[in-house]
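# Coordinates in review
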Protein chains: 2
Amino acid sequence: MTEPLAPGSTIGILGGGQLGRMLSVAASSLGLKCHIYEPSANPPAGQVAACVTTAAYDDTAALRAFAESVDVITFEFENIPTGALDVLEALRPVLPGRTALATSQDRLTEKNFLSGLGLMTAPFANVETADDLLKAVETVGVPSILKTRRFGYDGKGQIRLKSAADATAAWAELGNTPCVLEGFVDFSHEVSVIGARAQSGEVVCFDPGENVHRDGILHTTTIPATLTTAQRTDAVILTGRILNALDYVGVMGVELFVTPSGLIVNEFAPRVHNSGHWTQNGCVIDQFEQHIRAVAGWPLGDGHRHSNVVMTNLIGAEANDVAALSRDASVGIHLYGKAEAKPGRKMGHINRITGPA
Amino acid sequence: MTEPLAPGSTIGILGGGQLGRMLSVAASSLGLKCHIYEPSANPPAGQVAACVTTAAYDDTAALRAFAESVDVITFEFENIPTGALDVLEALRPVLPGRTALATSQDRLTEKNFLSGLGLMTAPFANVETADDLLKAVETVGVPSILKTRRFGYDGKGQIRLKSAADATAAWAELGNTPCVLEGFVDFSHEVSVIGARAQSGEVVCFDPGENVHRDGILHTTTIPATLTTAQRTDAVILTGRILNALDYVGVMGVELFVTPSGLIVNEFAPRVHNSGHWTQNGCVIDQFEQHIRAVAGWPLGDGHRHSNVVMTNLIGAEANDVAALSRDASVGIHLYGKAEAKPGRKMGHINRITGPA
């Protein structure tokens, strides 16, 4: 695309969860419509979208009709089947694009890509065979974490090895699928950068947030993060390098470990990111609008924030706390319209304004 | 209703224009769904709502099905036919309620109500006959403004009388329908208060904004308004009196003329109001969410703002300026998804952040 998408155009979104929902709301501010593609019925995003297709990712006819009804396609999750991408890409631009998806879908590819850029990662080794596993434990050592190369999220698909003796059982528990063994990183805290790159190549980042996890799931993101000025600059520059190397268009979340020897890249997600939800109440142009602007060829916001924020996820039954939380007028409430509050399920989040930026 | 509406519930909205659209978006943050009722096809609000009914306001079956599919009903415009209200009210609560609608639908009733509260209005006289018109011109004088009692908006349905000789022709131009003749008020500027009242009786106001009109249509609202502390307090207190007297539930916009002898009430609108759009980028809880909270029985936000804002409407072809405006990251863009930019049509608005509050 060379021209910005005109108001009235339609953005196709693969995935109808909370990220698709908040993308659709952001698109509406710009006069853009959204069409959601989602295999499961009644997705959260469908409650605020102009159109919903309920179909599987191998339904070629449905994919084709979807693509033909929209002007550009984006996604809320990275594990889009290659076959679906083949169908869609033949008809419409799919952004942030295939390279970013292929790179982030596989932890080994991702780590090789990051190392290739000269960025620091945790020590890692590929595990495809029993022999690989033994060698990996030797080179990477213990404690370390065995992670499936694909389809991991929110702490799923990974097991911590306390000793070399745990390795075989852990790998079996992960189904003996291709894994990477990651060395333990002695970090003080985790931060993440929400970066964006426009079709023009322009790169903009929001100020890094500091993340606290609980049970493997993001619990809070606090803005600003505890970082020196140099670390802050490093975080933004390395995010820009990742975005440029992938010729990326859209918003990306980059998770970083802060260590005495520098910032170590944990992983990146080629989409809007849970740790960027604070921007909804901290910025004029939030991560969702920033992503829509990028894929629609509009100018990006500048990442400026007016307020400091603490974002807290509402997991499972925590969404019931909303009645009490709604009494606090400094709290922005964001519920996802999910019917059932299963344990571990992200039901919503709150953004507490803690003061002017 | 005694219990707050649970997430997952549905709010019915009469009217599918931009106000319904922004109400639906606000409701989604609270995990609430919206069902839009609108006679014309493809309404702007339908692009971000869970459900749309396209039917006339005299379609009793459609009204009934709509009411039965929702938990509570609200509206984005005040001229709802009485017959439709009769059908809906029998099935579900309709908020802010019939008294507010009846009072604001007729300029004479509205002015009598305001006078009855001891609030200052422009001098006015009822005009139902040619004889009334002559007497009105005598008591109210010229210059003055002849306004239809019903269905006026955005400067429509009103004519300025420069001399007594204009009166008969002006009334004929307005169709010889019931009118009020309003005396000229020598005001320095117009401000408006966006107030809200909860089902509990709690009243909260946003800080008044200063309005500038152009061709009879709101052009800009600037926050904060030019007001003394005493005027600011007066504005909020009189808004509270109006809300209480109507046993009101929801958000109301009250337009006030600032004069040396005090604040004169021009009119009030029993709904979210164009002059409250600035709250979207100035507050954690904006007027749309405040209204949804009120009608859903949730606690209200406290009206606090984090930023000062200038709101500017985009009328007709001005919406084409959005490409240039989108380059300014201090500008929040809000387009309404209307297909055609007719002259005088509200296509969107922008909120420019001018600094911390």
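Only a predicted model underlies this, so the values are computations on that prediction, with no experimental measurement involved.

## Notes on the interface of chain A and chain B
Between chain A and chain B, the residue contacts involve 35 residues of the former and 35 residues of the latter. Counting the surface lost from both chain A and chain B, the interface buries some 2,800 Å², and carbon and sulfur atoms represent 60% of this. Among the residues chain A hides against chain B, the three largest losses belong to Gln47, Val284 and Ala329 of chain A. Together they make up 19% of the total. Counting across the chain A and chain B interface gives 0 salt bridges. Examining the composition of the side of chain A that touches chain B, we find that 5 residues originate from one element, strand β16 (residues 331–335) of chain A, more than from any other.

## Here we look at helix α8 (residues 229–245) of chain A
All names here are of chain A. Here α8 is 17 residues long and its end C-alpha atoms lie 24 Å apart, about the 24 Å a rise of 1.5 Å per residue gives. Taken together, the buried positions of α8 are occupied by Ala235, Leu238, Thr239, Gly240, Ile242 and Leu243. Where α8 is buried, its residues meet α5 (107–116), β9 (189–197), β10 (203–205), β13 (250–259) and β14 (262–269). Within two residues after α8, aspartate 247 carries a phi angle of roughly 50 degrees, on the positive side.

## Things to note about the sheet that holds strand β2 (residues 33–38) of chain B
Residue and element names in this part refer to chain B. Ordered in space as β3-β2-β1-β4, the 4 strands form an open sheet in which the pairing is parallel. For this open sheet the edge positions go to β3 (51–54) and β4 (72–75), each flanked by a neighbour on one side alone. Each neighbouring strand pair of the sheet contributes to a mean axis angle of 25 degrees, computed without reference to strand direction. Where strand β1 (residues 10–14) meets β4, 4 bridges bridge the pair, whose relative direction is parallel. Looking at the pairing, isoleucine 11 lines up with valine 72 of β4. Where helix α1 (residues 18–29) meets the sheet, its contacts fall on β1 and β2, and the angle it forms with β2 comes to roughly 165 degrees.

## Let's talk about the relation of the copies chain A and chain B
Its rotation angle being 180 degrees, the transformation that places chain A on chain B also includes 0.0 Å of axial translation and leaves an RMSD of 0.0 Å. Expressed as an axis order, the relation between the two copies is that of a two-fold axis. Considering only C-alpha atoms, the part of chain A nearest the rotation axis is valine 48 of chain A, at 1.9 Å. By residue overlap, the copies meet face to face through one surface: 100% of the interface positions of chain A are interface positions in chain B.

## What about the packing of aromatic side chains?
All names here are of chain B. Scanning all chains against the criterion turns up 12 aromatic pairs over all chains. Seen from their ring centres, tyrosine 37 and phenylalanine 66 are 5.1 Å apart, and the 65 degrees between their planes marks the pair as edge-to-face. You can see tyrosine 37 sitting in strand β2 and its partner phenylalanine 66 sitting in helix α2 (residues 60–68), a full 29 residues away along the chain. Like phenylalanine 66, tyrosine 37 is buried. Aromatic pair phenylalanine 113 and phenylalanine 268: ring centres 6.1 Å apart, planes at 65 degrees, arrangement edge-to-face. Taken together, the positions of phenylalanine 113 in helix α5 (residues 107–116) and phenylalanine 268 in strand β14 (residues 262–269) put the pair 155 residues apart, joining distant regions of the chain.

## What about the side chain of histidine 189 of chain B?
With respect to the secondary-structure elements, histidine 189 of chain B resides in strand β9 (residues 189–197). Histidine 189 of chain B gets classed as buried once you look at its relative accessible area, which sits at 15%.

## A word on unusual backbone geometry
Omega for the bond connecting valine 142 of chain A with proline 143 of chain A falls within 30 degrees of zero, at -5 degrees, which places this linkage in the cis form. Relative to the helices and strands, proline 143 of chain A resides in the loop between α6 (130–140) and β6 (144–148). With an omega of 5 degrees, the peptide bond between isoleucine 223 of chain B and proline 224 of chain B qualifies as cis. Looking at where proline 224 of chain B falls in the secondary structure, it is placed in the loop between β12 (217–223) and α8 (229–245). Not every positive phi belongs to a glycine, and asparagine 176 of chain B is a case in point at roughly 50 degrees. Summarising the element assignment, asparagine 176 of chain B is placed in the loop between α7 (167–173) and β8 (179–183).

## Let's talk about the sheet that holds β8 of chain B
Residue and element names in this part refer to chain B. Reading across from one edge, β5-β8-β6-β7 is the order of the 4 strands in this open sheet, with antiparallel pairing throughout. Two strands in the sheet have a free side with no partner beyond their single neighbour: β5 (124–127) and β7 (158–161). Across the sheet, the mean angle separating the axes of adjacent strands is 20 degrees when strand polarity is ignored. Across 5 bridges, strand β6 (residues 144–148) lies against β8 in antiparallel orientation.

## A few points about the pattern of salt bridges
Taken as a whole and assessed by the stated rule, the structure comprises 30 salt bridges over all chains. When the shortest N-O distance is used, the salt bridge between aspartate 207 of chain A and arginine 305 of chain A registers 3.0 Å. Of this pair, aspartate 207 of chain A sits in the loop between β10 and β11 (209–214) while arginine 305 of chain A sits in the loop between α10 (287–295) and β15 (307–315); the two residues are 98 residues apart in sequence, bridging distant segments of the chain. Given the relative accessible area of 18%, aspartate 207 of chain A is considered buried. Residue classification places arginine 305 of chain A among the buried positions, given a relative accessible area of 15%. Put simply, aspartate 86 of chain B and arginine 98 of chain B hold a salt bridge, and the shortest N to O gap is 2.7 Å. Placement of aspartate 86 of chain B in helix α3 (residues 82–89) and of arginine 98 of chain B in helix α4 (residues 98–105) is noted, with a sequence separation of 12 residues between them. Residue class for aspartate 86 of chain B comes out partly exposed when judged on its relative accessible area of 44%. Its relative accessible area of 27% is what places arginine 98 of chain B among the partly exposed residues. Taken together, the shared-partner salt bridges in this structure form one network comprising Asp86, Glu89 and Arg98 of chain A.

## What about the pairing of strand β11 (residues 209–214) of chain B?
Regular strands show a simple pattern: their side chains alternate between the two faces of the sheet. All names here are of chain B. Pairing between β9 and β11: 3 bridges, direction antiparallel. The residue of β11 that forms the bridge with glutamate 190 is asparagine 211. Here 5 bridges tie β11 to β12, and the two strands are oriented antiparallel to one another. Bridge pairing in β12 places valine 212 opposite threonine 220. The turn joining β11 and β12, which pair antiparallel and follow one another in sequence, is formed by 2 residues; a positive phi near 55 degrees is taken by aspartate 215.

## Examining the environment of arginine 271 of chain B
Residues and elements named next belong to chain B. Of note, arginine 271 is situated in the loop between β14 and α9 (279–282). Along the primary structure arginine 271 and threonine 53 are separated by 218 residues, whereas in three dimensions their C-alpha atoms are 21 Å apart. Every residue in contact with arginine 271, bar those within four places of it in the chain, is listed here: Leu19, Phe75, Glu76, Phe77, Glu78, Tyr248, Val251, Met252 and Gly253. A polar contact of 2.6 Å, which involves the side chain of arginine 271, links it to the side chain of glutamate 78.

Rules behind the numbers
Residues numbered from 1 in each chain as written. Chains lettered and ligands numbered in written order. Predicted model: local features only at pLDDT ≥ 70, side-chain atom pairs only at ≥ 80, totals over all residues. Heavy atoms only, no water. Contact = heavy atoms within 4.5 Å. Buried area = accessible area lost by both parts, 1.4 Å probe. Salt bridge = Lys/Arg side-chain N within 4 Å of Asp/Glu carboxyl O. Helix = DSSP H or I, 4+ residues; strand = E, 2+ residues; numbered from the N terminus. Expected span 1.5 Å × (residues − 1). Buried < 20%, exposed > 50% of the residue type's maximum accessible area, 1.4 Å probe, protein only. Pairing = 2+ DSSP bridges. Axes fitted to C-alpha atoms, helices over the stretch in contact; angles between N-to-C directions. Least-squares fit on C-alpha atoms with pLDDT ≥ 70 in both. Phe/Tyr/Trp six-rings, centres within 6.5 Å; stacked < 30°, edge-to-face > 60°. Polar contact = N/O pair within 3.5 Å; in protein donor to acceptor, adjacent residues only side chain to side chain.

Just distances and angles here, no functional claims.
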